[in-house]
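Structure assessment
Here are the chains, one letter per residue:
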Amino acid sequence: MIFRRAWLSAAVLALAVSSLPSTAASAAPRPSGAVWSVQRDADALRDTGITGVTVRLETPRGTVTAGSGVGDLTTGRPVPKNGFLRLGSTTKTFVATVVLQLVGERRLSLDQSVEQVLPGVVSGSGNDGRTITIRDLLRHTSGLSDYVHDVFPDPSARTYFADRWRAYRPEELVDLAMRHAPAFPAGAGWEYSNTNYVLAGMIIEKVTGRTWEQQVEDRILRPLGLRHTDTPGIRPFLPHPHPANHQQFAPDGPMVDTTIPYRPFDSGADGSMTGTARDLNRFFAALAGGRLLKPAELAALRTTVPVPPDSGHPEGTRDGLGLFFTPLSCGGGYLGHGGSGFGYVIRAATSVDGRRAITVSAHSRSADPRTSARQEDALRDLIDHALCRTA
């Protein structure tokens, strides 16, 4: 899930976490080259107030891993090197890949309307499935309201604990979104909406007769050998080892353990998957390298539209089909997708040729927008530095 509300690190947390050591032993000799650069940037991200940070970078020269902070505020244990993670909205890239595979098999067309595949599902309050294409869903140009605002209207710990076990069926989430008028006519603007991918998951099931989870397993996870990636649905527990996630719901409030997710979202095709950084890097490298899609569908994936400057993305970011293109400071850019939920942020990115891939996960968020901005800058710098290095 990607939230528009900026919920990341307060001063109290910053003071507590800035004194935490990185997981590298302080007495060990300083590493050199890429290893040192990644560890330095992981520590810089931790120093903004993040409780725990993990990084995994794959390059033609080998793999670089880094950890900083702690994996659990209660025990102080270090972050696991290849622990299980919530992938959040990174799930969308898997779902878009399946849809594009179905397009390549001529079982779908990107120019088909939602109404043609799911008759009567997108209607009411000015919403019209006849005007929205599958392409619009995948690149967030549908204008459909984001159901997230309906299932968590009050950003409080009280709401989190009261409703975290409740689960909605995809149809129920779409119905919530249909209560609201579209933000713009389909194709006339860009606005991120998780509702788009709830519908994409429903389309996969309608066309194939099997759930999107089954299709992801058969078409992506099994062929690539991603044995540590899962589509758990509403199952709330991560396998071990995993870091704990912590959310601050108010700027002056405590950090709350939110390792158990909020089930009303992050339980479907818009954000439910779990996995490891190793598996996630392998997936993004395979996707960018042309191993999962035919050339025409890969080209469609990479065909982008501009993202508005006020959307929270770096300047120059463009959105493709389940994949963002973000400029690099050294020239060119990278492909990737992020995810976030209560207590965690994850970013997965790959060079356009798939030769370098990185996953960064941060395991706390807070309500201070200023700290949130600093953390986002540090996270982006880490990815930029890692993908710009040639050694």
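Residues numbered from 1 in each chain as written. Predicted model: local features only at pLDDT ≥ 70, side-chain atom pairs only at ≥ 80, totals over all residues. Heavy atoms only, no water.

**Points about the side chain of Thr159**
Looking at the element boundaries, Thr159 is found in helix H7 (residues 157-163). The residues touching Thr159, leaving out its near neighbours within four places in the chain, are Phe152, Asp154, Arg164 and Tyr262. (Helix = DSSP H or I, 4+ residues; strand = E, 2+ residues; numbered from the N terminus. Contact = heavy atoms within 4.5 Å.)

**Re the pattern of salt bridges**
Enumeration over the complete set of coordinates arrives at 19 salt bridges. The closest approach of N and O atoms between Arg77 and Asp72, which form a salt bridge, is 3.8 Å. Residue Asp72 is classed as buried on the basis of its relative accessible area of 13%. Residue Glu105 is joined to Arg219 by a salt bridge in which the shortest nitrogen-to-oxygen separation is 2.7 Å. (Salt bridge = Lys/Arg side-chain N within 4 Å of Asp/Glu carboxyl O. Buried < 20%, exposed > 50% of the residue type's maximum accessible area, 1.4 Å probe, protein only.)

**Describing the sheet that holds strand E6 (residues 246-248)**
Taken together, the three strands give an open sheet; going across it, the order is E7-E6-E15, and neighbouring strands pair in mixed fashion. Here the strands that pair on one side only, and so sit at the sheet edges, are strand E7 (255-257) and strand E15 (364-365). Where E6 lies against E7, three bridges are found, and the strand directions are antiparallel. Its bridge partner being in E7, Gln247 is matched across the sheet by Val256. (Pairing = 2+ DSSP bridges.)

**Concerning helix H3 (residues 91-104)**
Over its 14 residues, H3 extends 20 Å from the first C-alpha to the last, a length consistent with the 20 Å expected when each residue adds 1.5 Å. Counting buried residues in H3 gives 14 out of 14 residues, a clear majority hidden from the surface. In the segment just after H3, Arg106 is the residue with positive phi, at about 60 degrees. (Expected span 1.5 Å × (residues − 1).)

**Comments concerning the pairing of strand E14 (residues 357-362)**
Counted residue by residue, E14 has six buried out of six residues, so it is predominantly covered. Side chains Ala357, Thr359 and Ser361 project from E14 onto one buried face, and the interleaved Ile358, Val360 and Ala362 project onto a second face that is buried too. Two elements, strand E1 (residues 52-59) and E14, share six bridges in a ladder whose sense is antiparallel. By the bridge assignment for E14, Val55 is matched with Val360. Of the pairings in the sheet, the one linking strand E13 (residues 344-351) to E14 comprises six bridges and is antiparallel in character. Across the sheet, residue Arg347 finds its bridge partner in E14, namely Val360. The hairpin formed by E13 and E14 contains five residues between the paired strands, and Gly354 there has a positive phi angle of roughly 80 degrees.

**Comments concerning the packing of H3 against helix H9 (residues 195-208)**
Here H3 crosses H9 at 35 degrees, and the two axes come no closer than 10 Å. Of the two elements, H3 crosses H9, and the hand of that crossing is left-handed. Residues Lys92, Val95, Ala96, Val98, Val99 and Leu102 of H3 form the contact with H9, whose own contacting residues are Tyr197, Ala200, Gly201, Ile204 and Thr208. Along the lines of polarity and charge, the residues of the contact of H3 with H9 split into eight nonpolar, two polar and one charged. (Axes fitted to C-alpha atoms, helices over the stretch in contact; angles between N-to-C directions. Left-handed = near helix turned anticlockwise from the far one by under 90°. Nonpolar A, V, L, I, M, F, W, Y, C, P; charged D, E, K, R; others polar.)

**Notes on the nonpolar core**
The biggest cluster of nonpolar side chains holds 69 residues, and the ones touching the most others in it are Phe94, Leu138, Ile220 and Phe283. With eight residues, the single largest contributor to this core is H3. Val38, Tyr334, Ala349 and Ile358 belong to the second largest nonpolar core, which has 23 residues in total. (Core = buried A, V, L, I, M, F, W, Y, C linked by side-chain atoms within 4.5 Å.)

**Description of the confidence of the model for the protein chain**
Interpretation of this model should avoid reading the predicted coordinates in detail wherever pLDDT is low. For the protein chain, the mean per-residue pLDDT works out to 90, and 91% of the residues sit at or above 70. A low-confidence stretch, residues 2-32 (pLDDT under 50), is modelled with 91 contacts involving residues beyond four sequence positions or located in other chains. (pLDDT = per-residue confidence, 0-100.)

**Here we look at the sheet that holds E1**
Remark on secondary structure: sheet strands pair via backbone hydrogen bonds, oriented parallel or antiparallel. Ordered in space as E2-E1-E14-E13-E12-E11-E10-E9, the eight strands form an open sheet in which the pairing is antiparallel. Edge strands, defined here as strands with exactly one partner in the open sheet, are strand E2 (62-69) and strand E9 (305-306). Pairing analysis gives eight bridges linking strand E12 (residues 333-341) to E13, with the strands arranged antiparallel. Pairing of Gly339 across the sheet is with Ile346, part of E13.

**Section: helix H10 (residues 212-224)**
An ideal rise of 1.5 Å per residue puts 18 Å on 13 residues; H10 measures up with 17 Å between its terminal C-alpha atoms. In H10, a bend of some 35 degrees at Asp218 exceeds every other bend along the element. Listed in full, the buried residues belonging to H10 are Trp212, Gln215, Val216, Arg219, Ile220, Leu221 and Leu224. Against the buried residues of H10 lie H3, H9 and helix H11 (277-288). Following H10 by one or two positions, Gly225 adopts a phi angle in the positive range, close to 70 degrees. (Bend = angle between axes of the 7 residues up to and from the residue.)

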